[in-house]
Amino acid sequence: FVRAADNKIHFTTDNSMSSYKEPSDVLKRLLLPPKNPSLSLSANYQWLVFTQEPPLPSIELLAKPEEKLAGIRFDPELLTPSRLDYATTLVLQHMKTGEKQEVQLPENSEGIRYIRFNPVKSSFVFASKVKNEARMELYQCQLSGDTNNANIDDESKQIWTMTKIQLQNHKMNFIQGCAYQFSTDGSKLFIKVVPSTTSSTPPKEPVSTGPAIQLVEKGARKAPGRTYQDLLKNRYDEAKLRYYCTTEVLCIDMTTTAVKGEEEPTLVPQSKGGHLIQSLNSSPCGRYLLAQLTTKFSYSVPISRFGKDIVLWDLTNNQELKVVSIPVNDEIPLSFDACSRHPRGYRFHPCGTGGEDDGDDTMTTIMFVKATDGGDPANDPVDGERDALYCQTIDTDAFTLHEPTKFVGLEWRYSDLDFSESGMAIVEEYRWKDRMERKWILNADGTKLRMLWERSWEDRYNSPGEPLTRRGAKGQYFIVQPTPTSIYLSGPGASSVGDRPFLDLLDFGSEEVKTTRLWRCTAPVEGELDASKEVNGVLPTDRKDIYESLVCVMPDNDSIMISRESKTTPRNYYLSKLGDGGDEANIQVTNFEHPQPDLLGVTKELVQYKRDDGVELTANLYLPANYDGTPLPTLFWAYPREFKDSKAAGQVKGSKHLFVSAHWASPIHWAAKGWCVFDNFALPVIGEGDAQPNDTFIEQIVSGATAAVEYAVSRGVCDKDRCAVGGHSYGSFMTAHLLSHTSLFSAGIGRSGAFNRTLTPMSFQSEDRSIWEARDTYITMSPLMHVKKMSEQERVGKMLLIHGEADENSGTHPMQSERYFAALKAFGIESKLVMLPHERHSYRARESILHMAYEQEAWLKSLEDK
């Protein structure tokens, strides 16, 4: 690294620092808090499942061998995504009574993952990692004496018991997602396993695979490709991908003794010999599986865009029907309004052909989406439509598909489709270029009943929320309809006093849509409120400085589960009744303690200020406990965001009443060390109308950062001579620019960033133009091009670069930091490069995170000493 001593610059490689180091005790405690349990709700919403994972894994976990093929990374022995954590405790709590039952894990278990609930019965399955073996075992937990008609009181008194599901030496494969899933009626469990014919040893690496050849034929379609990592490179990679990802499918009848291993699991015959199965989807009637099978490989895109066959498997007659063959999807234009020109989004209609599905397999229908404009927004729409959704009904007797019929056409690009159990649907379309969205209510036959709204998704203050869904019949998620003409909407409730989540009832039965507010986060003590956005249209009188969020509406449509926290009280969960009742109507479900007591006393404030062009900005200001009012060394931390609307860019984001805690990547730890922390200070990059945000990126972030520093100094909390700036990923990119174009900061911390945009020539972040369309923007936005200017600043900020050696993120290859450091070194700028072994874009290992904190602490120590 490069460092200054005695006013001279020295170029050194410090081998004395090659081992892992640890930061001060206070940072170490903050970075290693006990981890709160992970929570999940059972399918019938009667049980809360707690699983506890260790805080941070050892570097040994990250150092284990992993394969990197076709954009995925996995453990070649265990056949799971690499670097998995495992829960070491399993506790179930009844929602109404609060009674807890701990399920003892198997004696040979290292931990568990992949909990999946039966959609019909009170039971679930999970995978257990066998100690000291590359093997996962499958277990079922169910209530003793459980029946489908058990009422709440009976169920709360029953005991959870665990049973091992015998797979008869079959090995599960989790590489492309959880290895198992229930059928929609919960009677069957489908499990992806390694074919019995698979060799016990992987393909041997040849001395040479010969030339790796890629070809663009004359007259080929344009195929711009984004910057991906871990792509296939040669035939040996292809052979390994086939070896590791080929699976068969077992079917276990969960209603018989098969689950106890008293009979051999049934092989789904259509899967015999194995396929590269990307996904399986069970039909509502339970008779069919819709499988996506990888068929064609590519060296330019990840596996999700490989060629595939969509096939239908009839589990009753053991037949297979090819629905469609889709080639490699490498021709999608760069625009975020673009999509594949091929059919996409295959799924079963959750209600058959419309209306409530009664289990009749003659109702089974497949749905898909197809672009009418060839997937390119530069083309004209067809009959005013760019996308259309289609239905294909299955002829059960002939086992054929009827011709597709259009379900609904869309003027913009398709985004999402949800159904209610009645067959009513809500479809969403979007237009990226101006950040607009629409939602339509559809009748069961796909005709448009009415438009719910057309709006900019950047406008958080006027967001109506999203339709609430809940697990319904046969385990599928449906829009909740309290009445045939109403739905629930939930949203973050952004406002000038911060986020206040809400629950609304929207009635679309009359000519004018009517919205009624049923619940909203408690109002803060200070700040003006709008009565029209409060429950019953009345300003609340009981105001508290807390933050609440809606978790779900319970099946009775009268109770809700919420979370509640304050600056000093960690998030806990409550059951509450809709309507008046106050705190006495709330039942506390959890009681988590403060995980980081070193942050007690740290104050948090959501501050507002303006940049020089009048755009409103916000930041979270943290001050240490017992702050005495003197200016402090200040750490500014941010992540720039693009906007098309300046008013939306200036809206308040977040809440100052959130619990003050610090994730490993957060800068809040520094408040416990006596620093002022200006976290998440807004750096909007705005391009209204035809203007592109990135064409003035540097000017806008400089303006935003200048406003932030000036505000903090004017408040008397910041010493302008002791300012540092930092960020992760795009925040690292921002940090390099701020040190290059301002003298605001004495030091910078850039983690896992990109500094040369010419290395990502086919778009980056929210930029969807290529370097050939916006050459000057790409060059100007590359911090590498401005290192000389950095060296000429009145105050040259020193730069700490940290990067994971195994960064998998698109656009932030480790080479980005290495090349940028070389440029800093060339100009004698005080700098340091720290490469973390085995780490990806987000750091995981205990040793790595503590060393990261050590480096940051050492880098900023000079600002504390001034």
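Residues numbered from 1 in each chain as written. Predicted model: local features only at pLDDT ≥ 70, side-chain atom pairs only at ≥ 80, totals over all residues. Heavy atoms only, no water.

**Looking at the confidence of the model for the protein**
Just so we agree on the cut-off: The quantity called pLDDT is the predictor's confidence in a given residue, expressed from 0 to 100. Contacts are assigned to residue pairs that have any heavy atoms within 4.5 Å of one another.
Counting all residues, the mean pLDDT for the protein is 92, and 94% of those residues have values of 70 or more. Taken as a whole, residues 1-12 scores under 50 in pLDDT and shows 30 contacts with residues more than four places along the chain or in a different chain. Below a pLDDT of 50 lies the segment residues 354-358, which in the model reaches 16 contacts outside its immediate sequence neighbourhood of four places, other chains included.

**Concerning the pattern of salt bridges**
To keep it simple, the criterion reads: A carboxyl oxygen of Asp or Glu within 4 Å of a side-chain nitrogen of Lys or Arg is what we treat as a salt bridge. Here a helix means four or more residues in a row that DSSP labels H or I, a strand means two or more in a row labelled E, and each is numbered from the N terminus. When accessible area is computed with a 1.4 Å probe and restricted to protein chains, residues below 20% of their type maximum are described as buried, those above 50% as exposed, and intermediate ones as partly exposed.
For the structure shown, the criterion picks out 52 salt bridges. Measuring nitrogen to oxygen at the nearest pair gives 2.8 Å for the salt bridge that ties arginine 564 to glutamate 548. Remark: glutamate 548 occurs in strand E37 (residues 547-553) and arginine 564 occurs in strand E38 (residues 559-565); sequence separation between them is 16 residues. Grouping residues by exposure puts arginine 564 and glutamate 548 together as buried. Notably, a salt bridge pairs aspartate 721 with lysine 720, separated by 3.7 Å at the nearest N-O pair.

**Focus: helix H6 (residues 697-714)**
Our working rule: Each residue after the first adds 1.5 Å to the expected span of a helix.
Taking 1.5 Å of rise per residue, 18 residues should cover 26 Å, and H6 covers 26 Å from first to last C-alpha, within 8% of that figure. Of all 18 residues making up H6, 13 are buried, and the element is well covered by its neighbours. Glycine 716 sits one or two residues past H6 and shows a positive phi near 80°.

**Details of the side chain of serine 42**
Rules: Here a polar contact is recorded for every N or O atom pair within 3.5 Å, except that within protein the pair must consist of a potential hydrogen donor and a potential acceptor, and residues adjacent in sequence are included only if both atoms are side-chain atoms.
Here serine 42 shows up in the loop between strand E3 (38-41) and strand E4 (47-52). Taking the relative accessible area as the measure of exposure, serine 42 reaches 7% and is therefore buried. Within polar-contact distance, the side chain of serine 42 engages the backbone nitrogen of glutamine 46 at 3.3 Å.

**Things to note about the packing of aromatic side chains**
Note the following rule: Ring pairs shown here join Phe, Tyr and Trp side chains whose ring centres sit within 6.5 Å, with only the six-membered ring taken for Trp; geometry is labelled stacked below 30 degrees between planes, edge-to-face above 60, and tilted in between.
What the rule picks out here adds up to 31 aromatic pairs. Ring centres of tyrosine 730 and phenylalanine 733 lie 5.0 Å apart, and the angle between their planes is 10°; this geometry places the pair in the stacked category. On the criterion of helical spacing, the pair formed by tyrosine 730 and phenylalanine 733 is a turn pair, its members being 3 residues apart in helix H7 (residues 730-741). Each member of the pair, tyrosine 730 as well as phenylalanine 733, is classed as buried.

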